[in-house]
Amino acid sequence: FVSEAFPQSTPQKTVGEASAKPQPPGAVSPLAMPQTRGGTIFGIMGDSGSGDEAQQAVAQAMLTYFDTARHFPFVIMLGDNLYDDDYTNEFLVPYKPLLDHGVKFYAALGNHDRDLEIHFKPFNMGDKDRYSFDEGNARFAVLNSNHPADPEQIKWLDSVYNDAGTKWRIAYFHHPLYSSGQHSAEGRDVIRPGLEPALVRNKVNVVFTGHEHLYERIRPQKGIQHFVSGGGGRYLYRVR
């Protein structure tokens, strides 16, 4: 689980900003974040849909952060949301406390996901495998990296940020362009050629991906900062 703060150029309050909640005596707040004025705070998880104790532990860590540190208003899901197509035990049960608090989840499709997930309302995909939304001072473009070179998807991406103004340009999807995990060759030979040119020409600031069951921050490539966050509940990979 990762929480990132993206400051605005102007110091006005945004929808995504939240004040720290007082902690009970002895509580330790995980992943302390700076109190960035005008920042947008959100959760990130990938490869989460295991339905077992590991996923439940990550979900509890998210709830602990929400209760003791910052009330993040939304979570982006980096794919492989439901390994066994179990909407209840792989999503509704683990994240029920967050859902009850009004936290929204925005999903991307992974290679283990079924296309029908686009119609699941709590994933907020709007019946589409690619979509965009604004939260606070950022515009998010959600892509289906199962089809990285789809010309219709690239055409769509070329229009997403046309009216974004000074908002942060963030894209996320399942398969990483760069990683040190076991799928690095796939990223280099398939995902990168399909998506990187469009991400660069649309001046995307940050890309979040999963697929590799690890956490990694990549040195900026062609002006884009890449993060891999695939530790949402499945077994972890070794970094190569």
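Our subject is the structure that appears above.
In short, a report on the structure. What you see is a predicted model; the values in this text were computed from it and never measured.

1. Remarks on the overall build of the protein
Each helix and strand counted, the protein has 5 helices and 10 strands in total. Here the protein holds 240 residues, and 51% of them are scored as buried. In the protein, 72% of the contacts between residues at least 6 apart in sequence involve partners at least 24 apart. When the accessible surface of the protein is totalled, it reaches about 11,000 Å², and 52% of it is carbon and sulfur.

2. Looking at the nonpolar core
Judged by nonpolar contacts, the single largest core of 41 residues is most densely connected at Phe72, Ile76, Phe105, Phe133, Phe140, Tyr172 and Phe208. Of all elements in the fold, only β2 (40-45), α1 (53-68), β3 (74-77), β4 (104-107), β5 (131-135), β6 (138-142), β7 (168-172) and β8 (206-209) reach the threshold of two or more residues within this core. Of the residues forming this core, the biggest block, 6 residues, is contributed by α1. In this view, Phe105 contacts Met45, Val75, Met77, Phe91, Tyr95, Leu98, Leu99, Pro122, Phe123 and Asn124; residues no more than four positions away in its chain are not counted. Ranked by size, the runner-up nonpolar core spans 19 residues in total, among them Ala164, Phe173, Leu177 and Ile224.

3. A closer look at the pattern of salt bridges
Enumeration over the complete set of coordinates arrives at 9 salt bridges. In this structure, Arg114 engages Asp85 in a salt bridge whose closest nitrogen and oxygen atoms are separated by 2.8 Å. On the criterion of sequence distance, the pair formed by Arg114 in the loop between β4 and β5 and Asp85 in the loop between β3 and α2 (88-92) is long-range, its members being 29 residues apart. Taking relative accessible area as the criterion, Arg114 reaches 44% and is therefore assigned partly exposed. One salt bridge in this structure joins Arg201 and Asp158, with 3.0 Å as the shortest N-O distance. Separated by 43 residues along the polypeptide, Arg201 in helix α5 (residues 184-201) and Asp158 in helix α4 (residues 151-160) bring together distant segments of the chain. The class of Arg201 is partly exposed, set by a relative accessible area of 45%. On the accessibility criterion, Asp158 (28% relative accessible area) is partly exposed.

4. Some words on the packing of aromatic side chains
Two aromatic rings are characterised by how far apart their centres lie and by the angle between their planes. For the coordinates displayed, the defined rule picks out 22 aromatic pairs. Summarising the aromatic geometry, the rings of Phe42 and Phe140 are spaced 5.4 Å apart at their centres and angled 90° between planes, so their arrangement reads as edge-to-face. Taken as a pair, Phe42 in strand β2 and Phe140 in strand β6 lie far apart in primary sequence, 98 residues in all. Classification of Phe140 by relative accessible area gives buried; the value is 0%. Following the ring pairs from residue to residue traces out a cluster consisting of Phe42, Phe74, Tyr106, Tyr131, Phe133, Phe140, Tyr172, Phe208 and Phe227. When the ring centre of Tyr83 is taken as origin, the NZ or CZ atom of Arg234, which lies over that ring, is 3.9 Å away.

5. Focus on the pairing of β3
Residue alternation in β3 divides its side chains into two sets, Phe74 and Ile76 and Val75 and Met77, and both sets are buried. As judged from the 3 bridges shared by β2 and β3, these two strands associate in the parallel manner. Each bridged residue has a counterpart across the sheet, and for Ile44 the counterpart in β3 is Ile76. Inspection of the sheet shows β3 paired to β4 by 4 bridges, in the parallel sense. Across the sheet, residue Ile76 finds its bridge partner in β4, namely Tyr106.

6. Section: unusual backbone geometry
Residues other than glycine seldom take positive phi values, yet Asp80 does so here, at roughly 55°. Its location among the elements puts Asp80 in the loop between β3 and α2. Its identity as a non-glycine residue notwithstanding, Lys222 has a phi of 55°, on the positive side. Structurally, the position occupied by Lys222 is in the loop between β9 (215-221) and β10 (224-229).

Conventions and cut-offs
Residues numbered from 1 in each chain as written. Predicted model: local features only at pLDDT ≥ 70, side-chain atom pairs only at ≥ 80, totals over all residues. Heavy atoms only, no water. Helix = DSSP H or I, 4+ residues; strand = E, 2+ residues; numbered from the N terminus. Buried < 20%, exposed > 50% of the residue type's maximum accessible area, 1.4 Å probe, protein only. Contact = heavy atoms within 4.5 Å. Areas by Shrake-Rupley, 256 points an atom, 1.4 Å probe, with all protein chains shown as cover. Core = buried A, V, L, I, M, F, W, Y, C linked by side-chain atoms within 4.5 Å. Salt bridge = Lys/Arg side-chain N within 4 Å of Asp/Glu carboxyl O. Phe/Tyr/Trp six-rings, centres within 6.5 Å; stacked < 30°, edge-to-face > 60°. Lys NZ or Arg CZ within 6 Å of the ring centre and 35° of its normal. Pairing = 2+ DSSP bridges.

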